[in-house]
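Coordinate analysis (summary)
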Amino acid sequence: MSTAILGEDGLARCPWGVSTPDYVAYHDDEWGRPVRDDRGLYERLCLEAFQSGLSWLTILRKREGFRAAFAGFDPEKVAAFDASDVERLMGDPAIVRNRAKIEAAIANARAALDLPGGLAATVWRYADPEAPAPESTADVPASTPASKALAKELKKHGFRFVGPTTVYALMQACGLVDDHLTGCHRRGAYR
């Protein structure tokens, strides 16, 4: 059972948040902080999809490459990408070169633009700010009824690579749930 642990700076964090300096910064400054704009949510959704089957650290370390390759994750610009852009991205070592995920990012930009009310309004309908505080990493689910429902809604609107686990990771990262462990110095920080 992994509970919050003290970092070298004396602050208690979720165990994954102390393993590398990259994770310390991400844990303390971003993970769980509410993201309420369409562009920000589109970026996180893309990054979570690219992370599927890989280490999150890999994605964090390539994040600036992803931003450059995907026009700052501006959904309108990415929605206009065509086959030549897919080939350009397949040759870009600054990102994860997976054709299905690249094509999903483009399809998701188009779907986000067509989503009634916008991506942020849709995603935030599934927020669960009252979810119980996890005591340990064993208490953190891989998916929830809310992530399953949101994944189903997104798929209905043409989104790809949005299974319940990927969507739950999005919900955690973007503050729809607070999965910082009890005792973690960031628990409840964004309420």
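In the nomenclature of an unreviewed UniProt entry, the protein corresponds to DNA-3-methyladenine glycosylase I from the organism Actinomadura keratinilytica.

1. Describing the overall build of the protein
Looking only at helices and strands, the protein features 9 helices and 2 strands. When the helices and strands of the protein are listed from N to C terminus, the series reads β-β-α-α-α-α-α-α-α-α-α. A globule of 191 residues ought to have a C-alpha radius of gyration of about 16 Å, and the protein, at 17 Å, matches this closely. Dimensions of the protein, computed from C-alpha atoms along their principal axes, come out at roughly 50 × 35 × 25 Å. For the protein, the proportion of its 191 residues judged to be buried stands at 50%. Taking all contacts inside the protein whose residues are at least 6 apart in sequence as the whole, residues at least 24 apart take part in 66%. With an accessible surface of roughly 8,900 Å², the protein has 53% of that area assigned to carbon and sulfur atoms. Averaging the locations of the 24 positively and 26 negatively charged side chains of the protein gives two centres separated by 3 Å.

2. Describing unusual backbone geometry
Positive phi, normally seen in glycine, also occurs at Ala71, with a value near 50°. In this fold, Ala71 is placed in the loop between helix H3 (56-69) and helix H4 (75-79). By relative accessible area, Ala71 is classed as partly exposed at 26%. Within the chain, Phe73 stands out as a residue other than glycine whose phi angle is a positive 55°. Position of Phe73 among the secondary structure elements: in the loop between H3 and H4. Judged by relative accessible area, which is 0%, Phe73 ranks as buried.

3. Notes on the pattern of salt bridges
All told, the structure shown has 13 salt bridges when counted by the stated rule. Ionic pairing is found between Arg44 and Glu30, a salt bridge with its closest N-O pair at 3.1 Å. In this pair, Arg44 sits in helix H2 (residues 38-51) while Glu30 sits in the loop between helix H1 (21-29) and H2, placing the two residues 14 residues apart along the sequence. Summarising the burial analysis for this pair, Arg44 and Glu30 share the class buried. When the shortest N-O distance is used, the salt bridge between Arg88 and Asp85 registers 3.3 Å. Note that Arg88 and Asp85 are positioned in helix H5 (residues 83-90) at a spacing of 3 residues, about one turn of the helix. Residue Arg88 is classed as partly exposed on the basis of its relative accessible area, which comes to 38%. Residue Asp85 is classed as buried on the basis of its relative accessible area, which comes to 17%.

4. Description of H5
The set of residues buried in H5 consists of Asp85, Val86 and Leu89. All buried residues of H5 fall inside an arc of 105° around its axis, so they share one side. Where the residues of H5 are buried, they touch H3 and helix H6 (99-114).

5. A closer look at the nonpolar core
Nonpolar side chains tend to gather and get buried jointly when the protein is soluble and globular. Counting residues in each nonpolar core, the largest one holds 50 residues, and the members touching the most others are Leu41, Phe66, Phe70, Leu119 and Phe159. For Leu119, the contacting residues outside a window of four places in its chain are Asp38, Leu41, Tyr42, Ala112, Leu154 and Phe159.

6. Let's talk about the side chain of Asn108
Structurally, the position occupied by Asn108 is in helix H6. In contact with Asn108, other than residues within four places in its own chain, are Tyr42, Leu45, Gly158, Phe159 and Arg160.

About the cut-offs
- Residues numbered from 1 in each chain as written.
- Predicted model: local features only at pLDDT ≥ 70, side-chain atom pairs only at ≥ 80, totals over all residues.
- Heavy atoms only, no water.
- Helix = DSSP H or I, 4+ residues; strand = E, 2+ residues; numbered from the N terminus.
- Rg over C-alpha atoms; globule rule 2.2 N^0.38 Å.
- Buried < 20%, exposed > 50% of the residue type's maximum accessible area, 1.4 Å probe, protein only.
- Contact = heavy atoms within 4.5 Å.
- Areas by Shrake-Rupley, 256 points an atom, 1.4 Å probe, with all protein chains shown as cover.
- Lys, Arg positive; Asp, Glu negative; His and termini not counted.
- Charge placed at Lys NZ, Arg CZ, Asp CG, Glu CD.
- Salt bridge = Lys/Arg side-chain N within 4 Å of Asp/Glu carboxyl O.
- Arc of directions from axis to C-beta.
- Core = buried A, V, L, I, M, F, W, Y, C linked by side-chain atoms within 4.5 Å.

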